[in-house]
Amino acid sequence: MKYQAEFRDPQLAEGLLKAIAATSCDYPKNITLMEVCGTHTTAIYQHGIRALLPEKIRLISGPGCPVCVTPVTYVDHAVALAQRPETIIATFGDMVRVPGSSSSLLHEQARGATIKIVYSPLDAVTIAEKNPDTDVVFLGVGFETTTPTIAGAILTAARKNLDNFYVLCSHKTMPGPMAALAGDPELQVDGYLCPAHVSAIIGANAYQPLVDAYRVPCVVTGFEPLDVLQGVLMLARQVINGEARVENQYNRVVKAAGNRKAQKLLKQVFEPCDADWRGIGNIPDSGLRLRSDYVRFDAAQQLPVDIEPAVEHQGCLCGEILKGKVRPNDCLLFRTTCTPEDPVGACMVSSEGTCAAEYKYGT
Amino acid sequence: MCLGVPMQVKTIENEMAVCEIDGVQREASLMMIDNVRVGDYVLIHAGFAIEKIDAEEAQLTLKALREALDMGLVPE
Ligand code: SF4
């Protein structure tokens, strides 16, 4: 596969690993790097990268799995909407199995609700077009990579004059939680592997304020093994030299200013709002809600439902996992009560969740 | 969830492209990017092309890595 196979070259990977070892061997302290994005977490597990790195370099997983950081009230809201008559829930696959307080979309489906897994938000628009007498609610979760696609779907629905297409919005934006965690003295993050495709939209420059405020090195890093290793090397070098800069390892895709057209699309439909992050709590201006011109597509406003009071699952450490403070093995439920077949928390459901990755690839 | 798959643009009609990887074809919206041509590689995410892949930059990254590692240097 072009642009994948070349960036998995074992010889180059080995060379990079040696370079990382040589660069860091004399450094007197451990170097803690956070891979912010869930796709990085999966790649790191899948290719066994953590075990290949020198012990001194610690990779910790961050809050970059959109499904995992979505609070339980959102799932409860989706469940309540699924229980409405004449309603179709359209969603990316991962959301279906996330446990809410007392149910999940999968349970609701077994009880007769119509849940459709789609590949693209545009597929949800097509479903709405084909079912004019049914309300179609798309579950809008995701970061800046995904949100413009949802903006595109909303504009498409507007152009087609659909009055039965809605989005339940829980969009989140990226640099915010990284700043929240950079300021956490317990964590001591020495550098960030910044998310590849979020950065394709927002641009490498978007991390400059974070670097300025916290003096934390940031390297925009792609998702293939060579990308990750080169990103780690670039970060290690900054840490050792006492520097803090934004660097872009993934410049075959990411530009300094990002994708302006996607940014424009996003701004046309959405505006910033405060958002709740599982584990981290409320972060000002770290979410996106529909602008007033588009509120007719807002499921939360247009389709009122009663939502059950939120109950977090006892013993689940998802919140701490998303902050990089504990690892899945620290959770008593891991592999015993909580498995991918019968997940307790979102981190075990999403294919990008740290618990799911540890379950699948960990030793 | 932010995974993007590199695919090659095969045909373009209005704002939709048919893209291909390893013989698998998919439709993707071009609403988010300008100046795409047949033959370009793009990253596909959730039915949209989110960015073009810069072939020259990709080659440069690999070349610089190869050269530095061949010479026993730490890559830039
Ligand atoms: S193993 Fe399961 S219960 Fe434990 S933190 Fe992960 S998702 Fe939560």
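A brief structural summary. (Residues numbered from 1 in each chain as written. Chains lettered and ligands numbered in written order. Predicted model: local features only at pLDDT ≥ 70, side-chain atom pairs only at ≥ 80, totals over all residues. Heavy atoms only, no water.)

## As for the state of the cysteines
Residues and elements named next belong to chain A. Note the cut-off: Throughout, disulfides are identified as pairs of cysteine sulfur atoms within 2.5 Å of each other. Throughout this description, buried means an accessible area under 20% of the type-specific maximum (1.4 Å probe, protein chains only), exposed means over 50%, and partly exposed covers the range between.
The final tally for this structure, using the stated rule, is one disulfide over all chains. Covalent S-S linkage joins Cys65 and Cys68, the inter-sulfur distance amounting to 2.4 Å. Judged by the sign of its S-S torsion, about 70 degrees, the cystine formed by Cys65 and Cys68 is right-handed. For the residue pair Cys65 and Cys68, the accessibility class agrees, reading buried in each case.

## Overview of the nonpolar core
One broad trend across soluble globular proteins is that nonpolar side chains are buried collectively. In plain terms, the rule: Nonpolar cores were defined as sets of buried Ala, Val, Leu, Ile, Met, Phe, Trp, Tyr and Cys residues, with membership established by side-chain atoms within 4.5 Å.
Of all hydrophobic cores here, the largest spans 139 residues; its most connected members are Ile154, Phe165 and Tyr192 of chain A. Ranked by size, the runner-up nonpolar core spans 12 residues in total, among them Cys19, Ile21, Ile33 and Val36 of chain B.

## Some thoughts on the sheet that holds strand β4 (residues 114-117) of chain A
All names here are of chain A. Counted only if it meets this: The rule for pairing is simple: two strands pair if DSSP sees at least two bridges between them. Where helices and strands are cited, they refer to DSSP runs of H or I of at least four residues and of E of at least two residues respectively, numbered from the N terminus. Comment: axis = line fitted to C-alpha atoms, over the contacting stretch for helices; angle = value between 0 and 180 degrees taken between N-to-C directions. Two residues qualify as a contact provided that any one of their heavy atoms is within 4.5 Å of a heavy atom in the partner residue.
Reading across the sheet, the six strands line up as β4-β3-β5-β6-β11-β10 and stay open at both edges, with mixed pairing between neighbours. Across the chains shown, the open sheet's two edge strands, defined by having one partner strand only, are β4 and β10 (270-277). Across this sheet, the average inter-strand angle for adjacent strands is 25 degrees, counted without regard to direction. The pairing of strand β3 (residues 87-91) with β4 spans four bridges and is parallel. Note on β4: the bridge partner recorded for Thr91 is Ile117. On the sheet, helix α5 (residues 72-82) packs against β3, β4, β5 (135-142) and β6 (165-172) and is oriented at approximately 170 degrees with respect to β6.

## Examining the pattern of salt bridges
Pairs can form between side chains of opposite charge whenever their charged atoms are close. Residues and elements named next belong to chain A. This is how the line gets drawn: Each reported salt bridge corresponds to a side-chain nitrogen of Lys or Arg within 4 Å of a carboxyl oxygen of Asp or Glu.
Enumeration over the complete set of coordinates arrives at 18 salt bridges over all chains. Of the charged contacts in the structure, one is a salt bridge between Lys18 and Glu14, with a shortest N-O distance of 3.9 Å. Taken together, the residues span about one helical turn, with Lys18 and Glu14 both in helix α1 (residues 10-24) at a distance of four residues. Given the relative accessible area of 57%, Lys18 is considered exposed. The structure contains a network of salt bridges with shared partners spanning Asp184, Glu186 and Lys325.

## A word on the interface of chain A and chain B
Going by this rule: In short, buried area is how much 1.4 Å probe accessible area vanishes from two parts on joining, totalled over both. For the purposes of these results, a polar contact is taken to be a pair of N or O atoms within 3.5 Å, where, inside protein, one atom must be able to donate a hydrogen and its partner to accept one; residues adjacent in sequence count only when each atom of the pair is a side-chain atom.
Listed per partner, the contact involves 50 residues of chain A and 37 residues of chain B. A buried area of about 3,800 Å², summed over both sides, lies between chain A and chain B, and 66% of it is on carbon and sulfur atoms. Summed over the three residues of chain A that lose the most area to chain B, namely Tyr3, Tyr119 and Lys261 of chain A, the buried surface amounts to 18% of that side. One can count two salt bridges joining chain A with chain B. Between Lys261 of chain A and Asp34 of chain B there is a salt bridge, and its shortest N-O distance comes to 2.8 Å. Inspection of the chain A/chain B interface yields nine residue pairs in polar contact (both at pLDDT 80 or more).

## Here we look at the side chain of Asn164 of chain A
Residue and element names in this part refer to chain A. Here Asn164 lies in the loop between α8 (147-159) and β6. Taking relative accessible area as the criterion, Asn164 reaches 3% and is therefore assigned buried. A polar side-chain atom of Asn164 sits 2.9 Å from the main-chain carbonyl oxygen of Asn131.

## As for the sheet that holds strand β7 (residues 191-194) of chain A
All names here are of chain A. Within the open sheet, the five strands sit side by side as β2-β1-β7-β8-β9. Their pairing is parallel. In the strand order of this sheet, the two ends are held by β2 (57-64) and β9 (246-248), each with one partner. Averaged over all pairs of adjacent strands, the angle between their axes in this sheet comes to 25 degrees, without regard to strand direction. Bridge count for strand β8 (residues 218-220) against β9 is three bridges, and the pairing is parallel. In the sheet register, Val220 faces β9, and the bridge partner there is Asn248.

## A word on the site of the ligand
Residues and elements named next belong to chain A. Rules: Throughout this document, a residue counts as near a molecule or strand when at least one of its heavy atoms sits within 4 Å of that molecule or strand. Cavities and pockets are defined on a 1 Å grid built over the protein atoms alone: a cavity is a set of grid points where a 1.4 Å probe fits but cannot escape, while a pocket is an open set with protein on both sides within 12 Å along at least five of seven lines, and lining residues are those with an atom within 4 Å of any such point. Occupancy of a cavity or pocket is assigned to a molecule whenever over half of its atoms lie within 2 Å of that pocket's grid points. Under the scheme applied, nonpolar residues are Ala, Val, Leu, Ile, Met, Phe, Trp, Tyr, Cys and Pro; charged residues are Asp, Glu, Lys and Arg; polar residues are all the others, including Gly.
In the region of the ligand, the neighbouring residues are Cys316, Leu317, Cys318, Ile321, Cys331, Leu333, Phe334, Cys338, Val344, Gly345, Met348 and Cys355. Spatially, the ligand is embedded in the largest cavity. Split by residue class, the shell around the ligand holds 11 nonpolar, one polar and no charged.

## Details of the layout of surface pockets
Put simply, the rule reads: Grid points are joined across faces, edges and corners, and a volume is the space filled by probe spheres set on the points.
Put simply, the largest pocket is a space of about 970 Å³. Around the largest pocket, the lining is made up of 42 residues, and of these Thr39 and Glu352 of chain A together with Leu3, Gly4 and Val5 of chain B lie nearest the centre. Looking at the lining of the largest pocket, the elements with two or more residues in it are α2 (38-46) and α17 (354-361) of chain A together with β1 (5-13) and β4 (41-45) of chain B. Of all the elements, α17 of chain A adds the most residues to the lining of the largest pocket, at five residues. Looking at side-chain class alone, the lining of the largest pocket contains 23 nonpolar, 11 polar and eight charged residues.

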